[in-house]
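Architecture at a glance
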Amino acid sequence: MRLDENSGGVITLKEAQDLVKSFQTKNPNEMKAYFVGANHLRAIINQNDCIGVRIYNAFDEISKSHTVVLIGVDRNENDMKEGMIVDRTAPCPPSCPKVGILD
């Protein structure tokens, strides 16, 4: 599949709920979600030649917990070595929504 600015797909709320419920049922001890602020997302997306964001599963040896790493992807479908790379997300729990529609 060729990557571009339109990769990925829009799904319904029900589809999202089903996907999240399935994951949480199969992985009850995993983090439910990770929050990344809009300024960090914009900083990645606004890099020259960035067509999107790749999200890597990761493990933080200090906190002994799963996390994610976000990195820009260029027009050649490669991770961008220079520029913004984001971790230090706010995991859920404890940073869960007061009213969650996906959990």
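The model shown is predicted, which means the values in this text are computed figures rather than measured ones.

Describing the state of the cysteines
Using the criterion set out here, one finds one disulfide in the structure. Sulfur-sulfur distance for the disulfide between C92 and C96 comes to 1.9 Å. One quick way to see it: the torsion about the S-S bond of C92 and C96 is about 100°, and its sign makes the bridge right-handed.

Some thoughts on the environment of D87
When you line up the elements, D87 lands in the loop between β4 (85-86) and β5 (90-92). Residue D87 is classed as partly exposed on the basis of its relative accessible area of 23%. Taking C-alpha positions, D87 is 9.9 Å from I55, a pair spaced 32 residues apart along the chain. Sequence-distant contacts of D87, that is, excluding residues within four places in its chain, are made with T67, V68 and V69. At a separation of 2.9 Å, a polar atom in the side chain of D87 contacts the side chain of T67.

Concerning the pattern of salt bridges
Side chains bearing opposite charge may pair, as long as their charged atoms lie close to each other. A complete count under the given rule lists six salt bridges for this structure. Residue E5 is joined to R75 by a salt bridge in which the shortest nitrogen-to-oxygen separation is 2.7 Å. One end of the pair, E5, is in the segment before α1 (13-26); the other, R75, is in the loop between β3 (65-74) and β4, and 70 residues separate them in sequence. You can call E5 partly exposed: its relative accessible area is 45%. The exposure class of R75 is partly exposed, given its relative accessible area of 44%. Linking D18 and K14 is a salt bridge whose minimum nitrogen-to-oxygen distance equals 2.7 Å. Highlighted residues: D18 and K14, both in helix α1, separated by four residues, approximately one helical turn. Look at D18 and you get partly exposed, because its relative accessible area is 39%.

Remarks on unusual backbone geometry
With an omega of -5°, the peptide bond running from C92 to P93 counts as cis. One can find P93 in the segment after β5. A cis geometry characterises the amide bond from P93 onward to P94, with omega recorded as 10°. Mapped onto the fold, P94 is located in the segment after β5. Within the chain, D49 stands out as a residue other than glycine whose phi angle is a positive 70°. Summarising the element assignment, D49 is placed in the loop between α2 (38-45) and β2 (50-60). One non-glycine residue, R88, adopts positive backbone phi at about 50°. Tracing the chain through its elements places R88 in the loop between β4 and β5.

Rules behind the numbers
- Residues numbered from 1 in each chain as written.
- Predicted model: local features only at pLDDT ≥ 70, side-chain atom pairs only at ≥ 80, totals over all residues.
- Heavy atoms only, no water.
- Disulfide = S-S within 2.5 Å.
- Helix = DSSP H or I, 4+ residues; strand = E, 2+ residues; numbered from the N terminus.
- Buried < 20%, exposed > 50% of the residue type's maximum accessible area, 1.4 Å probe, protein only.
- Contact = heavy atoms within 4.5 Å.
- Polar contact = N/O pair within 3.5 Å; in protein donor to acceptor, adjacent residues only side chain to side chain.
- Salt bridge = Lys/Arg side-chain N within 4 Å of Asp/Glu carboxyl O.

Geometric values such as these leave the question of function open.
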